[in-house]
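Listed here are the chains, written in short residue letters.
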Amino acid sequence: MDINEKIKNIILEVYKDDLSEEETKVVMNRILSLGEWEEIRNGLLNILYDNDQTLWDQTINYIYYFQNKGYKYEDAKTIALLHNCLML
């Protein structure tokens, strides 16, 4: 299983749950433990490229959470992708 699928599965496990701040941190740490930040970042963004919108909201939340913790994204690419998701 590649890192994209692993990230997707982690988010899928908890996407219907209303997580506390502590539980959210645990999920974020699980995601971060999968590899280097660049791979994690790409895995999160790849979920937004999928036609299946089931995990889009949760993935956008994690993008926001990671960004607030100082993890960097490619500005133009990420903004364009988020805009596209919001338009759909």
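Residues numbered from 1 in each chain as written. Predicted model: local features only at pLDDT ≥ 70, side-chain atom pairs only at ≥ 80, totals over all residues. Heavy atoms only, no water.

1. Here's the deal with the environment of Y62
Step number 1: Following the sequence through the fold, Y62 ends up in helix 4 (residues 56-68).
Step number 2: A residue is classified by how much of its surface remains accessible, and Y62, at 5% relative accessible area, is buried.
Step number 3: Sequence-wise, Y62 and K16 are 46 residues apart; in three dimensions their C-alpha atoms are separated by 14 Å.
Step number 4: Not counting the four nearest positions on each side in its chain, Y62 is found in contact with I11, V14, L19, T24, V27, M28, L44 and Y73. (Helix = DSSP H or I, 4+ residues; strand = E, 2+ residues; numbered from the N terminus. Buried < 20%, exposed > 50% of the residue type's maximum accessible area, 1.4 Å probe, protein only. Contact = heavy atoms within 4.5 Å.)

2. Let's talk about the packing of aromatic side chains
Step number 1: Counted by the stated rule, this structure contains six aromatic pairs.
Step number 2: Between W37 and F66, the aromatic rings sit 5.4 Å apart at their centres with planes inclined by 55°, giving tilted as the arrangement. Separated by 29 residues along the polypeptide, W37 in helix 3 (residues 37-49) and F66 in helix 4 bring together distant segments of the chain. In this pair, the class of W37 matches that of F66, namely buried.
Step number 3: Centre to centre, the rings of W37 and Y71 are 4.6 Å apart; their planes meet at 40°, and the pair counts as tilted. Separated by 34 residues along the polypeptide, W37 in helix 3 and Y71 in the loop between helix 4 and helix 5 (75-87) bring together distant segments of the chain.
Step number 4: Judged by relative accessible area, Y71 falls into the partly exposed class, the value being 28%. (Phe/Tyr/Trp six-rings, centres within 6.5 Å; stacked < 30°, edge-to-face > 60°.)

3. A word on the confidence of the model for the protein chain
Predicted coordinates in regions of low pLDDT should not be interpreted in detail.
Step number 1: Overall, the prediction assigns the protein chain a mean pLDDT of 92, with 100% of residues at 70 or greater.
Step number 2: For the protein chain, the element scoring lowest by mean pLDDT is helix 5, at 87; helix 2 (residues 21-32) scores highest, at 95. (pLDDT = per-residue confidence, 0-100.)

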